[in-house]
Amino acid sequence: MKKLTTRQIALNGIVAGLYAAITILTASFAYGNIQFRLSECLCVLVCFEPTLTVGLTLGCLIANLFSTVSVLDIVIGTSATLLACLLTVKIKKALLVPLPTIVCNAIIVGAMLAWVLAPDTFWQSFALFGAEVAAGEAAVLYVLGVPLYLFVKKTGLMEKLLAPKKEA
């Protein structure tokens, strides 16, 4: 296994903190069946630095400790983010980058919400909650995530952040 650099570890900490803080500060619309978790736009960053999967997963875990839905969100919601990040690493086309996050959350979080909020009508609720989660994810990822992806790609920001400091 490749050893992480100090800069990668620091960047993971920053991303984890940003994800958690943004989610907690926008809790009124970041949790539940209709959610716009603005922090999810950060998931596109794994295309440039796959190790950020750690920071994003940790940030999601911290944010989900404050979930208003269920204690299950801590494990299940965090697992959805982890899986989405692992799948997103492989994608390089800007318009396709959001798809793993949208699909993983729609299926995994949608199923969890149906199980917790409407177990008697699981399949109907799963279809509805999954569609609602997918819509919120798509809105955030296409309105914020894709522009973030394009900005980082155009400016080479990730390379600049992770490049070793040059001695004078």
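Residues numbered from 1 in each chain as written. Predicted model: local features only at pLDDT ≥ 70, side-chain atom pairs only at ≥ 80, totals over all residues. Heavy atoms only, no water.

## Comments concerning the packing of helix α3 (residues 52–64) against helix α4 (residues 72–88)
The contact between α3 and α4 brings their axes to 9 Å, and the two run at 160°. Taken together, the axes of α3 and α4 are roughly antiparallel relative to one another. Considering only the axes of α3 and α4, their crossing is right-handed. Every residue of α4 that contacts α3 at T53, L56, T57, C60, L61 and N64 is listed here: D73, I74, G77, T78, T81, L82, C85 and L86. Taken together, the residues that form the contact of α3 with α4 break down as seven nonpolar, six polar and one charged. (Axes fitted to C-alpha atoms, helices over the stretch in contact; angles between N-to-C directions. Helix = DSSP H or I, 4+ residues; strand = E, 2+ residues; numbered from the N terminus. Parallel < 35°, antiparallel > 145°, perpendicular 65-115°, else oblique. Left-handed = near helix turned anticlockwise from the far one by under 90°. Contact = heavy atoms within 4.5 Å. Nonpolar A, V, L, I, M, F, W, Y, C, P; charged D, E, K, R; others polar.)

## Concerning the packing of helix α5 (residues 99–117) against helix α6 (residues 122–155)
Two elements in contact, α5 and α6, have axes separated by 7 Å at closest approach and are oriented at 145°. The element α5 and its partner α6 pack so that their crossing is right-handed. Of the residues contributing to the contact of α5 with α6, the split by class is 18 nonpolar, five polar and one charged.

## Quick notes on α3
When the terminal C-alpha atoms of α3 are compared, their 18 Å separation across 13 residues agrees well with the 18 Å that a helix rising 1.5 Å per residue should span. Every buried residue of α3 is accounted for by L52, T53, G55, L56, T57, G59, C60, A63 and N64. The inward-facing, buried residues of α3 abut α1 (6–25), α4 and α7 (157–162). (Expected span 1.5 Å × (residues − 1). Buried < 20%, exposed > 50% of the residue type's maximum accessible area, 1.4 Å probe, protein only.)

## So, the packing of aromatic side chains
Taken as a whole and judged by the stated rule, the model has four aromatic pairs. With a centroid separation of 4.9 Å and 85° between ring planes, the pair formed by F122 and W123 is classed as edge-to-face. Looking at W123, the relative accessible area reads 63%, which means it is exposed. Note on F122 and F126: the rings are 5.8 Å apart at their centroids and 5° apart in plane angle, and the pair reads as stacked. Taken together, the positions of F122 and F126, both in helix α6 and four residues apart, correspond to about one turn of that helix. (Phe/Tyr/Trp six-rings, centres within 6.5 Å; stacked < 30°, edge-to-face > 60°.)

## Considerations on the side chain of T88
For T88, the location among the structural elements is in helix α4. Apart from the residues lying within four places of it in its own chain, the contact partners of T88 are C43, V46, C47, V97, P100 and T101.

## Concerning the state of the cysteines
For the structure on display, the rule yields zero disulfides. Here C43 is not disulfide-linked; the sulfur of C85 is the nearest cysteine sulfur, at 4.3 Å. Relative accessible area serves as the criterion here: at 1%, C43 is assigned to the buried category. Of the residues examined, C85 reaches a relative accessible area of 0% and is grouped as buried. (Disulfide = S-S within 2.5 Å.)

## Looking at α5
Between the first and last C-alpha of α5 there are 25 Å, a value that for 19 residues agrees with the 27 Å anticipated at 1.5 Å per step. Listing the buried residues of α5 in full gives P100, T101, I102, C104, N105, A106, V109, G110, M112, L113 and A114.

## Focus: the environment of S79
Tracing the chain through its elements places S79 in helix α4. Note: C-alpha distance between S79 and C60 (19 residues apart in sequence) is 9.1 Å.

## Observations regarding the nonpolar core
Formed by 32 residues in total, the largest nonpolar core has its most connected members in L45, L52, L56, Y149 and M158. Those elements that provide at least two residues to this core are α1, α3, α5, α6 and α7. Looking at this core element by element, the count peaks at six residues for α6. Once residues lying within four places of it in the same chain are set aside, the contact partners of Y149 are V44, C47, F48, K92, K93, A94 and V97. Formed by nine residues, the second largest nonpolar core is a distinct cluster that contains A114, F122, F129 and V133. (Core = buried A, V, L, I, M, F, W, Y, C linked by side-chain atoms within 4.5 Å.)

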